[in-house]
Amino acid sequence: MAFFARLYLTTALVSLPICTAAAQETSGAEQSSQGLEEIVVTARKTSENLQEVPISISAISADSLEKRGVSNVAQVADFTPNVTFDSTAPISGSSSALVAYIRGIGQSDYAMNFEPGVGVYVDGVYVARNVGGVMDLLDLERVEILKGPQGTLFGRNTIGGAISLVTKKPSAELSGKIEATTGRYRRLDVRGSLNVPLADTLFASFAFSAKNRDGFVHRILFPGITPADPSDLRSLDGGRLSRLPNGNDLGNENSDTGRVQLLWTPGARTEVRLIGDYTRTRENAAPSTLVNADASQPTQIAFAYNLCVAGVPIPACNSIIDGQRGVAINPNFTSRLPYDNRFLTPGRSTTYGNGISGTALDSWGLTLDVSHELSDGIDIRSITGYRNLDVAFGEDADMSPLVIDHHGFETLQEQFSQEFQLTGKLDSFKWVAGLYYFWEGGDDNGYVPLAGGLFQVFGPNKITNRSYAAYAEGTYNLTDALSVTFGGRYTAERKRFRGGQRDLNNFSGNFVGLPPSSFPVPSDPTILYPPGLNKQKYNDFSMRGGVQYKINDDIFTYVSYSEGFKAGGWDTRLTGPSLVPIEFQPETARTWEIGLKSELFDRSLRFNIAAFSTNYQNLQLIVQRGISPLTANAGRSKIEGVEVDAVWAPAPDLQLSASYGYINARYTFLDARALASGIGYSNQFVNTPKNTASVAIDYGRDIGSGRIAIHGDLSWKDDVFNDAVNTPQLQQKSMALANASMRYTHNDKWNFTLGASNLFDKRYIVSGFNQPGVAFIYETHGRPREWYFQVGYSF
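The paragraphs below set out a description of the structure included in this document.

What counts and what doesn't
- Residues numbered from 1 in each chain as written.
- Predicted model: local features only at pLDDT ≥ 70, side-chain atom pairs only at ≥ 80, totals over all residues.
- Heavy atoms only, no water.
- Phe/Tyr/Trp six-rings, centres within 6.5 Å; stacked < 30°, edge-to-face > 60°.
- Helix = DSSP H or I, 4+ residues; strand = E, 2+ residues; numbered from the N terminus.
- Buried < 20%, exposed > 50% of the residue type's maximum accessible area, 1.4 Å probe, protein only.
- Lys NZ or Arg CZ within 6 Å of the ring centre and 35° of its normal.
- Pairing = 2+ DSSP bridges.
- Disulfide = S-S within 2.5 Å.
- Salt bridge = Lys/Arg side-chain N within 4 Å of Asp/Glu carboxyl O.
- Contact = heavy atoms within 4.5 Å.
- Core = buried A, V, L, I, M, F, W, Y, C linked by side-chain atoms within 4.5 Å.
- Polar contact = N/O pair within 3.5 Å; in protein donor to acceptor, adjacent residues only side chain to side chain.
- Axes fitted to C-alpha atoms, helices over the stretch in contact; angles between N-to-C directions.

1. Some remarks on the packing of aromatic side chains
Where two aromatic rings form a pair, the distance of their centres and the angle of their planes describe that pair.
Here comes step 1: Going through the model one piece at a time under the given rule, you end up with 28 aromatic pairs.
Here comes step 2: Centroid distance Phe 222 to Tyr 352: 5.0 Å. Interplanar angle 85°. Geometry classified as edge-to-face. One end of the pair, Phe 222, is in the loop between strand E14 (217-219) and helix H3 (231-236); the other, Tyr 352, is in the loop between strand E21 (350-351) and strand E22 (358-375), and 130 residues separate them in sequence.
Here comes step 3: A relative accessible area of 13% places Phe 222 in the buried class.
Here comes step 4: Under the relative-accessibility criterion, Tyr 352 is labelled buried at 10%.
Here comes step 5: An aromatic cluster of at least three residues, connected via ring pairs, comprises Tyr 121, Tyr 126, Phe 154 and Phe 438.
Here comes step 6: The positively charged end of Arg 68 is found above the aromatic ring belonging to Phe 79, 4.0 Å away from the centroid.
Here comes step 7: Over the aromatic face of Phe 612 sits the side chain of Arg 103, whose NZ or CZ is 4.0 Å from the ring centroid.

This is how it looks when you write it as structure tokens:
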């Protein structure tokens, strides 16, 4: 707390002498002569001025996103301090799996038996799965990124923070727009929206987006080797993954999104909003390349494969079981090449991998949002949400023409949520209370042949999650300048799981030689996971409290305390039998935060700063068990940091913005499992650069009947490790990315934009995976330099 006190006093003393008259509120998407526009957010379930919310929030308007050329949620982190978003999760092979970290807390696994550490909300509805989470920012009003635990108002799995996407409501004005974008890698994007008043009290809007772009990493043939027969994977999954695109240009885009909204206002006090959305994605695998394939260790399954190739007289090498058909076949290992570093390709643009891969995703949802003003100052709101996800994805993880590690997954998931909110303002007291229910269920299946079929994972898992919660939070104004906030949320979590993971070839028995008594069902040694229904039950109370003080009309300060938790679950990535279910328990975070928000010089300068300290307990870390990377509660940590956001408009046509983030995340305890897996006390947290910074400039000028707008931005990140053991090959050194665009708008109707991303053509890593149990390391790459040209028309 001494650190916080010094920061608070220094910032306040520096700010006081330059503060001017009270800020004047403006509206609209552009800066006006009265100063910067007011930013309204709903972080506390009610509309509030960003500058008066005692939470560290980054709010990005649709206009700002358009200037930066941002089209999906993963790109927002490039200019948000202490935030890292990736569009692909390790071993998924999908470019539609959001990996979100805020202030060093998140989750990189995509499976249904894991929970995200950062919650994603679309128009108030929680989206439970990160596969499909790289959402198109279609017809959006703004993005809000809330930092720190949001356990009181948002609840489960917001231990690191929350991402809130707010779409535009239909209005009474007939209007619309359409845009077409072309660019490098045969890019062709088309998007549009239409707002239609259907009656005096009924309004509708329609929006669509179609994005297409070639990939930039290419699959090539290994010299002298014909393509490996992808039937190894197709046979194992019974044909269910044959819908994967399996193209040769990795990292491409092929995604269509649509949204329909109806808004009905039957009276002055009531509003009913119905929203439907649909996304279809058919994309090749993520743009990954092999960086190591050293299979020289006897503990690696690729080492066993190489023994078979070398003709070592091991009975298990002479026959394997085609698991789906239940017949023995002769694998003829001695006619194959061994797996080693011969399969590394030069540069970062090619791979020898040619197993079936890609993403086939269909996702849709419905939201019913009803609000009613009960009386002056008291409102009730109901948010009902349903979502359905059907996705298959896979990758050739060994990046070779051999079948050493092919991943194939299929998830069928649906969810339902219901929230009731009651908000009110009575004299000096402002409050919100609510009830929340969440249910999800689904099947999560894995099809993973290893070592030429010596090991064949078939993992049908069934998951059901239920959550019940009640919450309340209130702010009381002790004086015109001083107020206090207190809130709490009680959550009851109920989880059910049936694990069905098998090794259809019984590698543990046939090759390792384990006796039947080592298996959960001795009569069937293909079963690795104990059968039966597994249950977990959590009851959590998370609280939030704080004190806010307005130094004057321009400077707002606060001190807050908040809590959050991330649910536990089960790990199913077994490569050997287990007699008991592999469980892990919830994580918890407790954060102190101090902040200052200011608008100075007639609102031409906005300067916000926050410092925080988090006790992060019961960490869910990846620990190695044999050749299996499993999750266990294996550590505790302390995370401290600072965030700064500033926007300055020195002239009506010029705006400058900057941000900076600092994080010091360190382990305070690691158990023997974590230490044995290579996680040390000096290791850097995954996806957590120590320093992040960004700057941007926007300049606009009227020219005749049109206006020209120029935008440029630069974002910089310190060193980033893409796994907890800090694999050197998966370290991305500090780097900067630059983007620029120029737009001409004619008569507020036609617009023409020329832009470029990654101007310096930096080659960098966004993800990757180190699997020492198999014997490979691969890295996944960010997009190279690209130009684009856009034409749009609005009416």
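2. A few points about the sheet that holds E14
Here comes step 1: If you trace the three strands from one edge of the open sheet to the other, you get E15-E14-E21, paired in mixed fashion. The sheet is open, and its two borders are formed by strand E15 (249-250) and E21, each paired with just one other strand.
Here comes step 2: Where E14 meets E15, two bridges bridge the pair, whose relative direction is antiparallel. Paired with Val 217 across the bridge in E15 is Leu 250.

3. Re the state of the cysteines
Here comes step 1: The full count for this structure, using the stated rule, is one disulfide.
Here comes step 2: Between the sulfur of Cys 308 and that of Cys 317 lies a disulfide, 1.9 Å long from S to S. Classification of the bridge connecting Cys 308 and Cys 317 rests on its S-S torsion, roughly -70°, and on that basis the disulfide is left-handed.
Here comes step 3: You can call Cys 308 buried: its relative accessible area is 2%.
Here comes step 4: Cys 317 gets classed as buried once you look at its relative accessible area, which sits at 7%.

4. Describing the pattern of salt bridges
Here comes step 1: Considering all chains together, one arrives at 47 salt bridges under this definition.
Here comes step 2: Between Arg 743 and Glu 66 there is a salt bridge; the shortest N-O distance is 3.1 Å. With Arg 743 in strand E41 (residues 735-746) and Glu 66 in helix H2 (residues 62-67), this pair connects stretches of sequence that are 677 residues apart.
Here comes step 3: Judged by relative accessible area, Arg 743 falls into the buried class, the value being 17%.
Here comes step 4: Notably, a salt bridge pairs Arg 282 with Asp 362, separated by 2.8 Å at the nearest N-O pair. Here Arg 282, found in strand E17 (residues 270-283), pairs with Asp 362, found in strand E22; they are 80 residues apart in sequence, far enough to count as distant. Exposure class is identical for Arg 282 and Asp 362. Each is buried.
Here comes step 5: Residues joined in a network through salt bridges with shared partners are Asp 136, Arg 191, Lys 211, Arg 213, Glu 253, Arg 783 and Glu 786.

5. A word on the environment of Pro 245
Here comes step 1: Its place among the elements puts Pro 245 in the loop between H3 and E15.
Here comes step 2: The class of Pro 245 is partly exposed, set by a relative accessible area of 32%.
Here comes step 3: For the pair Pro 245 and Ile 356, spaced 111 residues apart in sequence, the C-alpha separation works out to 8.1 Å.
Here comes step 4: In contact with Pro 245, not counting residues within four places along its chain, are Arg 282, Glu 283, Asn 284, Ser 357, Gly 358 and Thr 359.

6. Considerations on helix H4 (residues 301-309)
Here comes step 1: With seven of nine residues buried, H4 lies mostly within the body of the structure.
Here comes step 2: Of the positions making up H4, those classed as buried are Ile 301, Ala 302, Ala 304, Tyr 305, Asn 306, Cys 308 and Val 309.
Here comes step 3: Tucked inside the fold, the buried residues of H4 contact strand E25 (429-450), strand E26 (455-477) and helix H5 (507-512).
Here comes step 4: Directly beyond the C-terminal end of H4, a positive phi value near 85° is found at Gly 311.

7. A few points about the nonpolar core
Here comes step 1: Tyr 110, Ile 301, Tyr 339 and Phe 776 are the most contacted members of the largest nonpolar core, which has 61 residues in total.
Here comes step 2: Those elements that place two or more of their residues in this core are strand E5 (99-102), H4, strand E23 (378-396), E25, E26 and strand E44 (776-781).
Here comes step 3: Tallying contributions element by element places H4 first for this core, with six residues.
Here comes step 4: The contacts of Ile 301, once residues within four sequence positions are left out, are Leu 450, Ala 451, Phe 455, Phe 507, Ile 627, Gly 773 and Val 774.
Here comes step 5: Judged by nonpolar contacts, the second largest core, of 25 residues, contains Phe 79, Val 127, Ile 145 and Ile 163.

8. A few points about the pairing of strand E7 (residues 118-122)
Here comes step 1: Among the five residues in E7, five count as buried, and that is most of the element.
Here comes step 2: In E7, alternate side chains face the same way, and those of Val 118, Val 120 and Val 122 on one face and Gly 119 and Tyr 121 on the other are all buried.
Here comes step 3: In this structure, E7 lies alongside strand E10 (residues 161-167), joined through five bridges in parallel fashion. Paired with Val 118 across the bridge in E10 is Gly 161.
Here comes step 4: Two strands pair when backbone bridges link them, and E7 and strand E8 (residues 125-127) are joined in this way by three bridges, in the antiparallel orientation. Bridge assignment links Val 120 to a residue of E8, and that residue is Val 127.

9. A look at the pairing of strand E9 (residues 140-147)
Here comes step 1: The element E9 is largely enclosed, with a buried count of seven among its eight residues.
Here comes step 2: Where strand E3 (residues 57-61) meets E9, five bridges bridge the pair, whose relative direction is antiparallel. Pairing of Ile 60 across the sheet is with Val 143, part of E9.
Here comes step 3: Looking at chain direction, E9 and E10 are connected through seven bridges and run antiparallel. If you follow Val 143 over to E10, its bridge partner there is Leu 165.

10. As for the side chain of Asn 157
Here comes step 1: Mapped onto the fold, Asn 157 is located in the loop between E9 and E10.
Here comes step 2: Classification of Asn 157 as buried rests on a relative accessible area of 0%.
Here comes step 3: Among the polar contacts made by the side chain of Asn 157, one reaches the main-chain amide nitrogen of Ala 567 at a distance of 3.2 Å.
Here comes step 4: The contacts of Asn 157, once residues within four sequence positions are left out, are Glu 115, Pro 116, Gly 117, Val 118, Gly 119, Tyr 126, Phe 565, Lys 566 and Ala 567.

11. Concerning the sheet that holds strand E18 (residues 288-292)
Here comes step 1: Pairing in this open sheet of three strands is antiparallel, and the strands run E18-E44-E43 from one edge to the other. For this open sheet the edge positions go to E18 and strand E43 (765-771), each flanked by a neighbour on one side alone. Strand-to-strand twist across the sheet, computed as the mean angle between neighbouring axes with direction ignored, equals 25°.
Here comes step 2: Pairing geometry for E18 and E44, over four bridges, is antiparallel. What sits directly across from Asn 292, in E44, is Ile 777.

12. A look at the side chain of Thr 350
Here comes step 1: Structurally, the position occupied by Thr 350 is in strand E21.
Here comes step 2: When neighbours within four sequence positions are excluded, Thr 350 is seen to be in contact with Val 217, His 218, Ile 220, Thr 289 and Thr 345.

Note that every value here comes from positions in space, so none of it alone points to a role or purpose.
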